[in-house]
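# Structural overview for review
So you can see what is in the structure, the chains are spelled out below.
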Amino acid sequence: MNKNILPPKLPLRFFRWYCHPDYREDIEGDLLERFERRMNEKAVNAAKWGFFTDVMRLFRPGIIRSLEGNYRLNQYAMFKNYFKVGFRNILKYKLFSFINVFGLAVAMSICMLIMLMLADQKSYDQFHKKKDRTYRILSKMPRSMTPNASSPFPLAASMRENYAFVEDATHLVPRVGGDVMYGQKNQVIRGYFADSSFFNVFSFDLEKGNKNTALDMPNSMIISREIADLLFADENPIGKRVEFIDRALHIMDFDDGSITGSNPVDWGSFTITGVLDGQKHKSHLKFDVLVSGTSLQALYNQGKLRDLSNYWEWYSYCYTYVVLNRDIKEGDLANALDELVIKHYADLENIRGLKLIPQALNNITPGKFAGNPPSLRLPIEAYYFLGFLALVIIISACLNYTNLSIARALTRGKEIGIRKVNGANRGNLILQFLSESVITVFIALIMANLLLMLIKPAFTGLWANQYLNFDLSGNIVVYFLFLAFALFTGLAAGTYPALHLSRFKPVSILKNPGKEGSGKFSFLKLLSIFQFVVSLFFITTSILIAKQFKHFIEFEYGFETENIINIPLQGNDYQRLSNVLSAVPGVSVVSGSEYIPATAGGHGIGIRKLGSKEKHTHFQILAADSNFVHNLGLKIVAGNNLPPVDKSDRFILVNEAAVKALGYQSPTEILGQSFEANTHRDQLEVIGIMDDFRFRAPFEDDKIAPLMIRNQLKSFNYINAKIASSDISGTVSKLEDKWQQIDMAHPFKYQFFDDQLANANRWIGDIVSIIGFIAFLAITIACLGMLGMTIYTTERRTKEVGIRKVLGARDLNITFLLSRKFLGIILTAICIGIPLSFVVNGLWLQNFPNRVDFGFDVMSLGTLILLILSLITIGSQTFIASRRDPVQSLKHE
Amino acid sequence: MSKHHLGEFEEIVMLTVAILYDEAYGIAIIDEMEERLGRKVSIGALQTVLRRLEKKGYLSSRFGEATKMRGGKRKRYFTLTSYGKKVLTAVKEQRVGLWNAIPKLVFNE
């Protein structure tokens, strides 16, 4: 008989699969016997065919294994056993369980925090009935990286009139910001001009008033419930008339020292036609007031607002939203927008390349970063970044679990062997180990929930959060997601150990424990190295950013800020206020400025020599008076300071950078020269040259750009008051008293210049906190893992240590011997981590303005931290092991 | 009506198991039946009946020693239980009773 001919594989496997396990062996034997006999008698193919038919004819109810029945009962008992053994293991090895549970809990709590944040963001704008068909139109200039949330004024009307698939379109003009007055009461409100199509696109509900007609008539106003309560208290606001004084306040209430408004303009009286409860509508659109779009015409006519209703080139003027008919795709809208761009922008040279892009309403929060947004939100990119950090941490924690489980395989080896001998197959064992990891993770989940309660307030305490307003309470869906996430984490952490441990051969384990798993140490080393590389990377990165932060906080701006407080004018007349405030005892100098230098914003202007045809040179312009120069201690290099306010706004101060930019050799050459600006016909004459100083925030510009200071009283938004008195708080309260005599409507607001400069850099502080926290977690988890490994190894080598000591080895030698492997891991990690950190951090740092040196100091400090922490971790264990009494160790079993 | 009902094929299988005495495993039973009765029996048909009879308690089984043949798989030997023997005898007596009840005329024509 030809032994090489085996029965056809597929039918045999099929038979083994369906056959009742009790019958499998002998029937398979019968089948094989018949096959062997046929092989001797007949052709190979005939024998194979015979085998196949036999198998097929065996496929009948009496032979096929039952789908349920007694086997299931058994399974249940086994599961009970798995859980029992799992819990016992967790309780028995308390330290290892703690390391695993703690690491996982920390990592999970971070992930859960991000899930809560995302859940909160996802709940925005969910109340709109047409949310799946609503799009915002973004405009993007080719030179900018990110699109703008805003779009041109005529767009909405054009979409509505020219495209049949557009159900409706509406736009919001964020040009309402000022004081509303009713009787003696006065409130600051911010909001939009909106058409009646607003309520067709969005599903905002009015608490009072009829939303079909509320925005129809000119000079109608819908106010938020909050404002209604403050202004009208118990009265019914509908139909009441209020006065509105516009101050061109920005839609976002965010005092960053930038241009905040302009002189008050009386817009006349408005009728309240609706009250809207903003609290009930979680939307990216936040407003205190909606003014009917029909009111615009009168304001145009009176010259109080510029009519831009036919200007396609002003793409940052309003927000456009479009609702498409059902079954219309986003692509159709995009095509229509492309068409519009070709039609309207072909002749407009200065904004060539502008694109209009649709953005689904559902993708606004959380969404990609868009410039000029209607409200402050964390862009989706930030979540990717945070998610990446969380992922790194959770991977590190899972690796700890994997590492410790595999390293401890030896202790579990016997159990695995016994189970296998008793008939457990690999699937059972995989299930057992997975259920163990899932148990661990669920314990971690409980702990993670507790940790979450601790990190939630820490997170909401971050500086940026006062503007982002996260609601981290979560909902039932999120909690189910947590469970699913925990299950997934458990499987992720447990899969490799389960596959690895279940592969053990019972014979070799029971006969020779200790052999299995030893070959895996290179893999385990790799995991540890990874953890430490990650830790080192985050440590050095956070040190670097902290250094950068410190550099910015201590930045040399080139002007004095000490004891200067900046007071927003809030629409008051500068001249009047400065006269009153400068009379306050303790105040030395009072000056006015358009914005606060080196915080945010600023704006540009192009100038050229009067009468010449050369290209305009780009300048930054700041309106400020002569006292401003004194207040900030700016040095006049040549010429004189600006003349007092009442003389003329023709004179300008320029900085030294401007002298070079305009092509002059020395400051004296430019003195007295006249220039013209590209925005207006005024003549500008250089009256003095100042030393360069930093008027932009340090992260914005590396170099100092040309700047001019011009005395334009109309543009002032801030009073800068220098306090000479040592009693600062007393002086401030005196200032407040004076303020209240002039302006009863607005509360006195002020900020110290120093704080404002620091605040402009605070976001970097937030990043330091986040990265530093992540670094702390990464190193903690890595060290815990290392601790587990060290304890385990030293325990296993107790006897060896005892023998060595008896033979005369010294404590230090033994400490070193036991630590050597781990030191290797740390050193390898340092060798990989340092260049990695250097390259990756170099990527963003090289384009960062005013960057700090990134080199030996940061790296060595990071390495030192890593080394100290890991040496303490390793050394504590190995040293204890080496000091142990050899008599005790030799007794150790 | 007897409570011990045996199908025709079941009866033949039990008889064959009895004939083979100590050597009654799957293939041997098939061979024996093919030889004596000249009828083709598939493994599937036989095994189903064997398991059914075992479940009813007419047959008992034990594993033999593993050999190099049959891919190292052990044989399962079937033997009649005493209950099986009783049932088989009862069936036989029924048949004999029936035969005896046939008038002599029917066969001696």
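Not measured: the values here are computed from a predicted model. (Residues numbered from 1 in each chain as written. Chains lettered and ligands numbered in written order. Predicted model: local features only at pLDDT ≥ 70, side-chain atom pairs only at ≥ 80, totals over all residues.)

## Considerations on the overall build of chain A
- Within chain A one finds 28 helices and 21 strands.
- Its C-alpha atoms give chain A a radius of gyration of 37 Å, clearly above 29 Å, the size a compact globule of 893 residues would have.
- Projecting the C-alpha coordinates of chain A onto the three principal axes gives extents of approximately 115 × 75 × 60 Å.
- The long-range share in chain A, meaning contacts at least 24 apart out of those at least 6 apart in sequence, stands at 83%. (Helix = DSSP H or I, 4+ residues; strand = E, 2+ residues; numbered from the N terminus. Rg over C-alpha atoms; globule rule 2.2 N^0.38 Å. Contact = placed C-beta atoms within 7 Å.)

## Things to note about the overall build of chain B
- In terms of regular secondary structure, chain B is built from five helices and two strands.
- Reading the helices (α) and strands (β) of chain B from amino to carboxyl end gives α-α-α-β-β-α-α.
- Radius of gyration (C-alpha) of chain B: 16 Å, far over the 13 Å computed for a compact globule of 109 residues.
- Overall, the C-alpha framework of chain B stretches about 60 × 30 × 20 Å when taken along its three principal axes.
- Expressed as a percentage of its 109 residues, the buried residues of chain B come to 26%.
- A separation threshold of at least 6 residues defines the contact pool for chain B, and within that pool the share at least 24 residues apart is 46%. (Buried ≥ 20, exposed ≤ 12 C-beta atoms within 10 Å, placed from the backbone.)

## A word on the interface of chain A and chain B
- At the junction of the two partners, chain A supplies 18 residues and chain B supplies 16 residues.
- Listed by contribution, the elements that provide at least two residues to the side of chain A that touches chain B are helix H2 (21-41) and helix H3 (44-58) of chain A.
- Element by element, the count of residues in the side of chain A that touches chain B is highest for H2(A), at 12 residues.
- A breakdown of the residues in the side of chain A that touches chain B according to their chemical character gives six nonpolar, two polar and 10 charged. (Nonpolar A, V, L, I, M, F, W, Y, C, P; charged D, E, K, R; others polar.)

## Considerations on the nonpolar core
Residues and elements named next belong to chain A.
- Ranked by size, the top nonpolar core spans 85 residues in total, and within it Leu-104, Ala-107, Met-108, Ile-393, Ala-397, Phe-532 and Ala-778 carry the most contacts.
- Ranked by the residues each element gives to this core, the list is headed by helix H24 (residues 762-796), at 17 residues.
- Of all hydrophobic cores here, the second largest spans 62 residues; its members include Val-176, Phe-193, Val-289 and Leu-356. (Core = buried A, V, L, I, M, F, W, Y, C linked by C-beta atoms within 7 Å.)

## Notes on the domain arrangement of chain A
- Partitioning chain A into structural domains gives domain 1 (9-58), domain 2 (131-363), domain 3 (380-551 + 763-891) and domain 4 (564-753).
- The gap between the C-alpha centroids of domain 1 of chain A and domain 3 of chain A is 52 Å. (Domains from an automatic or database assignment.)

## Some points on the UniProt feature "transmembrane region" (unreviewed entry) in chain A
Residue and element names in this part refer to chain A.
- Mapped onto this structure's residue numbering, the UniProt feature "transmembrane region" (unreviewed entry) falls at residues 95-119, 382-402, 429-456, 476-502, 523-546, 767-789, 822-846 and 858-881.
- What you have in residues 95-119 is 100% helix and 0% strand, and the ends, taken at the C-alpha atoms, are 35 Å apart.
- Across residues 767-789, helical content stands at 100% and strand content at 0%; the span's end C-alpha atoms are separated by 33 Å. (UniProt positions renumbered as here; feature names shortened; annotations may be inferred.)

## Section: the UniProt feature "domain: Transcription regulator PadR N-terminal" (unreviewed entry) in chain B
- Residues given the UniProt feature "domain: Transcription regulator PadR N-terminal" (unreviewed entry) here are residues 22-89 of chain B.
- Within residues 22-89 of chain B, the helical portion is 50% and the strand portion 15%, while the C-alpha atoms at the span's ends are 19 Å from each other.

## Brief notes about the pairing of strand E3 (residues 185-194) of chain A
Residue and element names in this part refer to chain A.
- Two elements, strand E2 (residues 166-182) and E3, share nine bridges in a ladder whose sense is antiparallel. Bridge pairing in E3 links Val-180 to Gln-187.
- If you look at the hairpin formed by E2 and E3, you'll find two residues sitting between the two strands, and Gly-183 has a positive phi there, around 60 degrees.
- For E3 and strand E8 (residues 289-292), the ladder comprises four bridges, and the chain directions are parallel. Bridging across to E8, Gly-191 finds its partner in Val-289. (Pairing = 2+ DSSP bridges.)

## Considering unusual backbone geometry
All names here are of chain A.
- Of the consecutive residues Thr-365 and Pro-366, the connecting peptide bond is found in the cis state with omega at -10 degrees.
- Within the fold, Pro-366 resides in the loop between strand E10 (355-360) and helix H11 (380-407).
- Even without glycine at this site, Asn-219 takes up a positive phi of about 60 degrees.

## Overview of the packing of helix H5 (residues 94-122) of chain A against helix H15 (residues 476-501) of chain A
Residues and elements named next belong to chain A.
- At their nearest, the axes of H5 and H15 sit 11 Å apart, and the two run at 145 degrees to each other. The two elements H5 and H15 cross, and the hand of that crossing is right-handed. Mapping the contact onto sequence places Leu-104, Met-108, Cys-111, Met-112, Met-115, Leu-116 and Ala-119 in H5 and Val-478, Leu-481, Phe-482, Phe-485, Ala-486 and Thr-489 in H15.
- Looking at side-chain class alone, the contact of H5 with H15 contains 12 nonpolar, one polar and no charged residues. (Axes fitted to C-alpha atoms, helices over the stretch in contact; angles between N-to-C directions. Left-handed = near helix turned anticlockwise from the far one by under 90°.)

## Here we look at the sheet that holds strand E11 (residues 564-568) of chain A
Residue and element names in this part refer to chain A.
- Judged by pairing direction, the sheet is antiparallel, and its four strands sit side by side in the order E12-E20-E11-E21 without closing on themselves. Each edge of the open sheet carries a strand with a single partner, namely strand E12 (587-593) and strand E21 (751-752).
- As defined by bridge partners, E11 adjoins strand E20 (residues 718-723) across five bridges and the pair is classed as antiparallel. Of the residues in E20, the one forming a bridge with Pro-568 is Tyr-718.

## Quick word on the environment of Cys318(A)
Residues and elements named next belong to chain A.
- Checked against the element boundaries, Cys-318 lands in the loop between helix H9 (296-301) and strand E9 (319-324).
- Judged by local crowding, Cys-318 falls into the buried class, with 24 C-beta atoms found within 10 Å.
- Sequence separation between Cys-318 and Leu-172 is 146 residues; the distance between their C-alpha atoms is 5.5 Å.
- If we ignore the near neighbours within four places in the chain, the residues touching Cys-318 are Ser-150, Ser-151, Phe-153, His-171, Leu-172 and Val-173.

## Considerations on the pairing of E9(A)
Residue and element names in this part refer to chain A.
- In terms of burial, E9 is largely enclosed, as six of its six residues are buried.
- Burial of the side chains of E9 extends over both faces: Tyr-319, Tyr-321 and Val-323 are buried on one face and Thr-320, Val-322 and Leu-324 on the other.
- Pairing geometry for strand E1 (residues 134-140) and E9, over four bridges, is antiparallel. Paired with Tyr-135 across the strands is Val-322, a residue of E9.
- Where E2 lies against E9, six bridges are found, and the strand directions are antiparallel. For Ala-169, the partnering residue across the bridge sits in E9 and is Val-322.

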